[in-house]
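# A closer look at the structure
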Amino acid sequence: MTSPATTSPPSGRARLAPALLWAAGAALVAYAFVAGGYLVTVLGFAALYAIFVTGLNFFMGYTGQVSFGQNAFAAIGGYTSAVLTTAYNWPVFAAMPLGIGAAALLALAIGYPTLRLRGHYLAMATLALGMIVQEIAVQWDRVTMGYTGIAAIPPLGAFGRELPNERAQLAALLAALALAVWVASRLKHSRLGHALAAIAGSEDAARALGIDVARYKLIAFVVAAVYAAFAGSMFAHFVGFVSPEVFGLHMVVLGFTMLYVGGIGTVYGPLVGALIISLLPETFRGFKEFQDLAYGAALIVILIYAPKGLASLARLWTRRGAAPDAAAAATAGTSRGDAGAAR
Amino acid sequence: MPETTFLIQTLVSGVGTGFIYGLIGIGFCVIYNASGIVNFAQGVFVMLGGMITHALLTRAGLPLPLAALVAVVAVALIGVVIERAVVRPLWRRNATMFVMILATLAAQIVIERLTLLAAGDQPKTLPGFSDAAPLRIGGIAIGVQLLWIAGVSLLLVGALALFFARTRTGRAMRACAINREAAALMGIPVARMLGFSFALSAGLGAVAGILITPTQYTAFNVGVPFAISGFIAAILGGFGSALGAFAGGIMLGVAQALAIVLFGAGFKNVAALSILLLFLLARPAGLFGKAH
């Protein structure tokens, strides 16, 4: 079940770019803690999205499946936190697990029948899932306040104490992100991760090896949903506000843009992508509409002009050929990330 | 019996909305048949049809028929632009279906946001095409706009049937649907057919958007729900059959109208999407279709 390609270390060239990115990222975080201010918010968003995209990556990059409806699970996490902490005065650390649990249950219930679908049907079904949850958030206004959204959500905290300022919140987010990435990396190199890689390579071959394909796909879907709900819940407490708009389709497109920029199928790709994409449109600061425009356009440009990166994805998607070459994908992913940032 | 009247009234308006879904569904089929691509940006054509007509009407002061005509042509051109700028480069490279879906979805977002910047986020509506009193049959009122929707839709479907059966271009497009490689070998310019299918599909979507707007409203973000409804219509019809998509649209419209009676107007999109999920799971080949 273990293919040599998935366990071999990346080559020297593949290591240099990430090392530079790590150094730049660390310097940025350090500067944010010293200087404070708006950069803290930006990095907070980057961390939230990195968690969300790590989940997306788990389902798409590792397992080779597709979901355009991850915003549904983020919305469930975010709204559960928001409603329970504002209307019912629940503590943050009771509301958050409940939202994540609800998202996991929904993923299980929806994923069981839906993941049998393929291609356009799976894409449209997951897209519909995101739309359904968003519509419910709009229409169920007794609970969700409709378009107005829920404001004054308490910030992160525990045991009756709220974290004192944005820097402390950022520290908490970064710790959560570190945990999320560590878990993803452990899972990737576990028995589960190898099974998922086999499924991404070829479902039929995986089945022939005795892997319960449907079950593993479902597990990956639930894991992705848990990540999305976790990110959604943290978002609610970090920003203090949720509305249906927050968890719209643009969240999905933004997530994909980050995943492509950072490198799909790699452990640290979501981090890199989330950081770069969160920093880039700060030049458009204050123009929310321009941001989504920029993300969408950037994604199209990457999809069209980064055929090398797409080649690795093509293998995942068609589930043909040999076991996925994770090292090659990582190299392609990071170089693609640089190219995306340079444009 | 007020109950029955109310029910029939609801069904009638459901059929009207269904025509619109049918037109959008046909738009999906036209592109899918020509290229094997499912264009996830289909909804922007519907949205742009209503928005551009509104802009021409209020800002440029054009009369409604002229504004509608210009809008349809403009949207058809936008369809060609999407095809050239986004779809064709990927198609040339034999990009995977997933990449194509993602790219068209991104195009959807880009156009939505451009529309938001140009026209703001306020919902807009159009005046009815004629302001005659609604037709009354028994206790049932049929709005004149509904008659417009039915008339134009049926006319378009008839014209499309003739187009695909009789004209050279229509036949070439059908040949592409059957086997693109063979069509190319027979000298049919397959790439040009792709562009043409986008123009046709975008025009159809724009007509649907212009027809429906007087009865509802339009805004920068109405596209995706319409696209999903049109996609459901296409699936109900077995994906690929234009007539099937049209019939599927009418069925969806009726089912949605019934859902509104049962659960209230707010949940009509939830109802439509749930129908989609149920159908995908139970009968992905559609009501009439054979398994792919």
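Residues numbered from 1 in each chain as written. Chains lettered and ligands numbered in written order. Predicted model: local features only at pLDDT ≥ 70, side-chain atom pairs only at ≥ 80, totals over all residues. Heavy atoms only, no water.

A few words on the overall build of chain B. Scanning chain B from N- to C-terminus turns up eleven helices and two strands. If you list the helices and strands of chain B from N to C, you get α-α-α-α-β-β-α-α-α-α-α-α-α. Looking at chain B as shown, the accessible area adds up to about 12,100 Å², and 68% of this sits on carbon and sulfur atoms. (Helix = DSSP H or I, 4+ residues; strand = E, 2+ residues; numbered from the N terminus. Areas by Shrake-Rupley, 256 points an atom, 1.4 Å probe, with all protein chains shown as cover.)

Turning our eyes to something else, we now look at the overall build of chain A. When helices and strands are counted, chain A shows 16 helices and two strands. Per-residue burial over chain A gives 59% buried out of 343 residues. The long-range share in chain A, meaning contacts at least 24 apart out of those at least 6 apart in sequence, stands at 78%. Here chain A displays about 13,900 Å² of accessible surface, and carbon together with sulfur accounts for 67% of that area. (Buried < 20%, exposed > 50% of the residue type's maximum accessible area, 1.4 Å probe, protein only. Contact = heavy atoms within 4.5 Å.)

Another aspect to go through is helix α2 (residues 42-58) of chain B. Residue and element names in this part refer to chain B. Counted at 1.5 Å a residue, the expected span for α2 with its 17 residues is 24 Å, and the 25 Å between its end C-alpha atoms agrees. For α2, the principal kink sits at leucine 48 and spans about 25°. Buried residues dominate α2, accounting for 15 of its 17 residues. (Expected span 1.5 Å × (residues − 1). Bend = angle between axes of the 7 residues up to and from the residue.)

Turning to the confidence of the model for chain A, a few remarks are in order. The predicted coordinates of low-pLDDT regions are not to be read in fine detail. Residue and element names in this part refer to chain A. Residue-level pLDDT values for chain A average 78, and 80% of them are 70 or greater. Throughout residues 1-8 the model reports pLDDT below 50, and contacts reaching past four residues in sequence, or to other chains, amount to 16 contacts. Here residues 307-343 scores under 50 on pLDDT; set against residues more than four positions off or in separate chains, the count is 71 contacts. (pLDDT = per-residue confidence, 0-100.)

A few words on the pattern of salt bridges. When the charged atoms of two side chains with opposite charge come close together, those side chains can pair. Evaluated as defined, the whole model comprises five salt bridges over all chains. Note that arginine 207 of chain A is salt-bridged to aspartate 204 of chain A, the shortest N-O span being 3.3 Å. Of this pair, arginine 207 of chain A and aspartate 204 of chain A both sit in helix α10 (residues 203-208), three residues apart, roughly one helical turn. With a relative accessible area of 43%, arginine 207 of chain A lands in the partly exposed category. For aspartate 204 of chain A, a relative accessible area of 55% gives the class exposed. Measuring nitrogen to oxygen at the nearest pair gives 3.6 Å for the salt bridge that ties glutamate 83 of chain B to arginine 84 of chain B. The exposure class assigned to glutamate 83 of chain B is buried, which follows from its relative accessible area of 0%. Overlapping salt bridges, with partners in common, bring together Glu203, Asp204, Arg207 and Lys217 of chain A in one network. (Salt bridge = Lys/Arg side-chain N within 4 Å of Asp/Glu carboxyl O.)

So, on to helix α5 (residues 92-114) of chain A. Its 23 residues place the ends of α5 of chain A 32 Å apart at the C-alpha level, agreeing with the 33 Å of an ideal helix rising 1.5 Å per residue. Among the residues of α5 of chain A, those classed as buried are Val92, Ala95, Met96, Gly99, Ile100, Ala103, Ala104, Ala107, Ile110, Gly111 and Thr114 of chain A.

On the chain B side, the residues contacting the 41 residues of chain A number 44 residues. When the two sides are added together, the surface that chain A and chain B hide from each other amounts to roughly 4,000 Å², 84% of it contributed by carbon and sulfur. Together, His120, Tyr121 and Met124 of chain A form the three largest contributors to the area buried by chain A at its contact with chain B, with a combined 19%. In this assembly, chain A and chain B are joined by zero salt bridges. Inspection of the region where chain A meets chain B yields two residue pairs in polar contact (both at pLDDT 80 or more). Mapped onto the side of chain A that touches chain B, the elements with two or more residues apiece are α5, α6 (119-139), α12 (249-262), α14 (288-305) and α15 (307-318) of chain A. Take the side of chain A that touches chain B: its biggest share by element is 13 residues, from α6 of chain A. Looking at the side of chain A that touches chain B residue by residue, the class counts come to 31 nonpolar, six polar and four charged. (Buried area = accessible area lost by both parts, 1.4 Å probe. Polar contact = N/O pair within 3.5 Å; in protein donor to acceptor, adjacent residues only side chain to side chain. Nonpolar A, V, L, I, M, F, W, Y, C, P; charged D, E, K, R; others polar.)

Let us look at the side chain of serine 243 of chain A. Along the chain, the position of serine 243 of chain A falls in the loop between α11 (213-239) and α12. For serine 243 of chain A, the residues in contact, after removing those within four places along its chain, are Tyr79, Tyr147 and Gly149 of chain A.

So, about unusual backbone geometry. Residues and elements named next belong to chain A. A positive phi angle is found at asparagine 89, which is not glycine, with a value near 55°. As for its position among the elements, asparagine 89 is in the loop between α4 (70-86) and α5. Look at asparagine 89 and you get exposed, because its relative accessible area is 64%. Positive phi outside glycine occurs at methionine 145, with the angle close to 65°. As for its placement among the helices and strands, methionine 145 is situated in the loop between α7 (141-144) and β1 (157-158). By relative accessible area, methionine 145 is classed as partly exposed at 46%.

Okay, the packing of aromatic side chains next. Evaluation of the coordinates by the stated rule reveals 19 aromatic pairs over all chains. By the ring-pair criterion, three or more aromatic residues cluster together here, those being Phe68 and Phe256 of chain A together with Phe28, Phe40, Phe98 and Phe231 of chain B. (Phe/Tyr/Trp six-rings, centres within 6.5 Å; stacked < 30°, edge-to-face > 60°.)

Let us look at the environment of leucine 154 of chain B. Residues and elements named next belong to chain B. Secondary-structure assignment places leucine 154 in helix α5 (residues 144-166). Classification of leucine 154 as partly exposed rests on a relative accessible area of 49%. In this structure, the C-alpha to C-alpha distance between leucine 154 and phenylalanine 19, residues 135 residues apart in sequence, is 8.3 Å. When near neighbours in sequence (up to four residues on either side) are disregarded, leucine 154 contacts Phe19 and Phe246.

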